[in-house]
Amino acid sequence: MIAIFRDVFLGFVRVHILHHAAKEAIYGVEMMEELKHHGYDISPGTLYPILHAMESAGYLSVQFEVIEGKRRKYYRATKTGVRALQELRKKIRELTEEVLE
Ligand SMILES: [Zn+2]
């Protein structure tokens, strides 16, 4: 993939993650399917490091739950994550108003 698309798409992926994690607890596979639905073919090798980095940076919190004998990691947006999302929304609105006019 051309570098500029990859960079921009990975930014969009982070916005999707924050958006969904602010609404409800999400887990990796579910997020991957959601993104596929939007046309982002993202591998676990790309998605999981993004989730971990967003967790380390304080945007996501993690909770473990056991579902059918498997330990699953659920992510939710933290207060910092929700604030970041609000800032991103402004930037997205501004950008779309300009580039989609
Ligand atoms: Zn989405």
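In short, a report on the structure. Just so it is clear, the structure is predicted and the values come from calculations on it, not from any experiment.

Criteria and cut-off values
Residues numbered from 1 in each chain as written. Predicted model: local features only at pLDDT ≥ 70, side-chain atom pairs only at ≥ 80, totals over all residues. Heavy atoms only, no water. Helix = DSSP H or I, 4+ residues; strand = E, 2+ residues; numbered from the N terminus. Donors = N, O, S within 2.8 Å, 3.2 Å for Na, K, Ca; no water. Tetrahedral: all angles 85-135°; square planar, octahedral: opposite > 155°, others 65-115°. Salt bridge = Lys/Arg side-chain N within 4 Å of Asp/Glu carboxyl O. Pairing = 2+ DSSP bridges. Phe/Tyr/Trp six-rings, centres within 6.5 Å; stacked < 30°, edge-to-face > 60°. Buried < 20%, exposed > 50% of the residue type's maximum accessible area, 1.4 Å probe, protein only. Lys NZ or Arg CZ within 6 Å of the ring centre and 35° of its normal. Axes fitted to C-alpha atoms, helices over the stretch in contact; angles between N-to-C directions. Parallel < 35°, antiparallel > 145°, perpendicular 65-115°, else oblique. Left-handed = near helix turned anticlockwise from the far one by under 90°. Contact = heavy atoms within 4.5 Å. Nonpolar A, V, L, I, M, F, W, Y, C, P; charged D, E, K, R; others polar.

## A closer look at the environment of Lys91
Thinking step 1. Its location among the elements puts Lys91 in helix 4 (residues 79-99).
Thinking step 2. In this structure the C-alpha to C-alpha distance between Lys91 and Lys79, which are twelve residues apart in sequence, comes to 19 Å.

## Focus: the coordination of the zinc ion
Thinking step 1. Around the zinc ion, the protein supplies His16 (ND1), His20 (NE2), Glu34 (OE) and Glu34 (OE) as donor atoms, at distances of 2.1 to 2.5 Å.
Thinking step 2. Taken together, the four donor atoms coordinating the zinc ion span angles of 51 to 141° at the metal, a pattern that classifies the geometry as irregular.

## Some details on the pattern of salt bridges
Thinking step 1. In total, this model carries two salt bridges according to the counting rule given.
Thinking step 2. The partner of Lys73 in a salt bridge is Glu55, and the shortest N-O contact between them spans 4.0 Å. Placement of the pair is Lys73 in strand 2 (residues 70-77) and Glu55 in helix 3 (residues 44-56), with a sequence separation of 18 residues.
Thinking step 3. Between Lys90 and Glu87 there is a salt bridge; the shortest N-O distance is 3.1 Å.

## Let's talk about the pairing of strand 2
Thinking step 1. Bridging between strand 1 (residues 60-67) and strand 2 involves eight bridges; their strand directions are antiparallel. Directly across from Glu65, in strand 2, lies its bridge partner Arg72.
Thinking step 2. Hairpin connection from strand 1 to strand 2: two residues lie between these consecutive antiparallel strands, with Glu68 at a positive phi of about 50°.

## Some points on the packing of aromatic side chains
Thinking step 1. Tallied over the full model, the rule gives three aromatic pairs.
Thinking step 2. Aromatic pair Phe5 and Phe9: ring centres 5.9 Å apart, planes at 40°, arrangement tilted. One end of the pair is Phe5 and the other is Phe9, both in helix 1 (residues 3-23) and four residues apart, which spans about a single turn.
Thinking step 3. Where Phe9 meets Tyr40, the ring centres are 5.7 Å apart and the plane angle is 90°; that geometry is what we call edge-to-face. On the criterion of sequence distance, the pair formed by Phe9 in helix 1 and Tyr40 in the loop between helix 2 (28-37) and helix 3 is long-range, its members being 31 residues apart.
Thinking step 4. Its relative accessible area of 31% is what places Phe9 among the partly exposed residues.
Thinking step 5. Connected via pairs of aromatic rings, a cluster forms that spans Phe5, Phe9 and Tyr40.
Thinking step 6. Over the aromatic face of Phe64 sits the side chain of Arg71, whose NZ or CZ is 3.9 Å from the ring centroid.
Thinking step 7. Taking NZ or CZ as reference, Arg72 lies 3.7 Å from the ring centre of Tyr27, over its face.

## Structural notes on the packing of helix 1 against helix 3
Thinking step 1. The contact between helix 1 and helix 3 brings their axes to 11 Å, and the two run at 60°. Considering their axes alone, helix 1 and helix 3 lie oblique with respect to each other. Handedness of the helix 1/helix 3 crossing: right-handed. In this structure, helix 1 uses Arg6, Leu10, Val13, Arg14, Ile17 and Leu18 to contact helix 3, whose residues at the interface are Thr46, Leu47, Ile50, Leu51 and Met54.
Thinking step 2. Class assignment for the residues of the contact of helix 1 with helix 3 results in eight nonpolar, one polar and two charged.

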